[in-house]
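Below, each chain spelled out in residue letters.
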Amino acid sequence: MTLDGRVLLLNGSTWEPLGIINVPRAINLVLAGKAIVIEESEQVLRSVRKQFNVPSVIALRRYINVPRRKAQWSRRAVLLRDNYTCIYCGVRPGDMLQGKLLHKSDMTIDHIVPKSRGGKDVWTNTACACYVCNRRKGGRLPGEAGMKLRWEPRRPRTNYLVIEIGNGPDAWRKYIEISS
Ligand SMILES: [Zn+2]
């Protein structure tokens with residue numbers, strides 16, 4: 001049996017991500033009655049008497065008070081926040097764009113208010129864009145370029161977890177908390 005997977009630990013009642021822990025610790029929390037399983041992985045764990053799916057997401061039964069850290073901006077964190085989806089046309093890695101298969105490396109960071117016009121490297125001014133949309137927009141505001149934002153870029157609430165959750169299984173993504 002493999003116990004090297006990672007499990008997303010959520011806070012009680014709010015389901016706010018608290019951290020990423022290993023499988024044995026997660027199972028201990030569940031067996032000790034301190035946490036409940038929210039999502040299971042495909043992995044099956046067999047013991048002498050029974051078998052069960054390895055948890056992928058667990059939540060504490062009780063809410064614990066933790067200081068909230070502000071999410072640190074980075075280009076990579078913006079791409080992960082936006083799930084590598086172009087904020088203007090909605091293409092993603094795996095989609096075809098102008099006859100070419102898109103890869104994660106084709107996704108760029110767009111400054112909604114361009115840097116040349118004072119736009120900053122902050123969560124609310126940056127979003128993932130495909131290179132075609134980024135080039136088309138150039139040094140203009142979206143409105144000037146006749147382009148629309150498909151969503152409002154926001155600051156994620158939890159810091160270090162954005163990247164780790166973004167790199168984790170798809171089932172984790174919905175637990176990335178976004179605050180306005
Ligand atoms: Zn695009």
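Residue indices begin from 1 for each chain and proceed along its sequence in written order. Confidence filtering applies because this is a predicted model: local features only for residues at pLDDT of at least 70, side-chain atom pairs given and counted only at 80 or more, and all residues used for totals across whole chains, interfaces and linings.

### Section: the environment of L102
Alright, step 1. Mapped onto the secondary structure, L102 falls in the loop between β6 (100-101) and β7 (107-111).
Alright, step 2. Exposed residues have 12 or fewer other C-beta atoms within 10 Å of their own C-beta, buried residues have 20 or more, and partly exposed residues fall in between, where C-beta atoms are placed from the backbone. Residue classification places L102 among the buried positions, given that 20 C-beta atoms sit within 10 Å.
Alright, step 3. In the structure, L102 is positioned 29 residues away from Y131 in sequence and 10.0 Å away in space, judged by C-alpha atoms.
Alright, step 4. C-beta atoms are first placed from the backbone for all residues, and any pair lying within 7 Å is then listed as a contact. Excluding residues that lie within four positions of it along the chain, L102 makes contacts with V91, R92, P93, G94, D95, L97 and C130. The helix count covers DSSP runs of H or I at least four residues long, the strand count covers runs of E at least two residues long, and both are numbered beginning at the N terminus.

### Some thoughts on the nonpolar core
Alright, step 1. We call a set of buried Ala, Val, Leu, Ile, Met, Phe, Trp, Tyr and Cys residues a nonpolar core when their C-beta atoms link them within 7 Å. Membership of the largest hydrophobic core comes to 15 residues, with the highest contact counts inside it found for L79, C86, I87, C128, A129 and C130.
Alright, step 2. Mapped onto this core, the elements with two or more residues apiece are α2 (75-81) and β8 (126-130).
Alright, step 3. By residue number, the principal contributor to this core is β8, which donates four residues.
Alright, step 4. Ignoring sequence-local partners within four residues, the contact set of L79 consists of Y84, M107 and C128.
Alright, step 5. One finds L9, L10, I58 and A59 within the second-largest nonpolar core, a separate group that totals 13 residues.

### Focus on the pairing of strand β2 (residues 17-22)
Alright, step 1. If DSSP finds at least two bridges between two strands, the strands pair. Both strand β1 (residues 6-10) and β2 contribute to a ladder of five bridges, which runs antiparallel. Pairing of L9 across the sheet is with G19, part of β2.
Alright, step 2. What sits between β1 and β2 in their antiparallel hairpin is a turn of six residues, with S13 showing a positive phi close to 60°.

### So, the sheet that holds strand β4 (residues 51-60)
Alright, step 1. Sheet architecture is open: four strands sit in the order β2-β1-β4-β3, paired in mixed fashion. The strands lining the two open edges of the sheet, one partner per strand, are β2 and β3 (35-46). Strand-to-strand twist across the sheet, computed as the mean angle between neighbouring axes with direction ignored, equals 30°.
Alright, step 2. The sheet strands contacting helix α1 (residues 23-31) are β1, β2, β3 and β4, and the helix crosses β4 at an angle near 80°. Every angle, taken between N-to-C directions, lies between 0 and 180 degrees, and every axis is a line fitted to C-alpha atoms, over only the stretch in contact when it is a helix.

### Details of the environment of K70
Alright, step 1. Along the polypeptide, K70 turns up in the loop between β4 and α2.
Alright, step 2. We classify K70 as exposed; it has 12 C-beta atoms within 10 Å.
Alright, step 3. Spatially, the C-alpha atoms of K70 and P156 are 8.1 Å apart, while their sequence positions differ by 86 residues.

### With respect to unusual backbone geometry
Alright, step 1. Unlike most non-glycine residues, S13 shows phi in positive territory, near 60°.
Alright, step 2. Looking at the secondary structure, you find S13 in the loop between β1 and β2.
Alright, step 3. Judged by the 12 C-beta atoms lying within 10 Å of it, S13 is exposed.
Alright, step 4. Non-glycine residue Q98 carries a positive phi angle of around 50°.
Alright, step 5. Relative to the helices and strands, Q98 is located in the loop between β5 (96-97) and β6.

Everything listed here is a matter of coordinates, which is why it stays silent on function.
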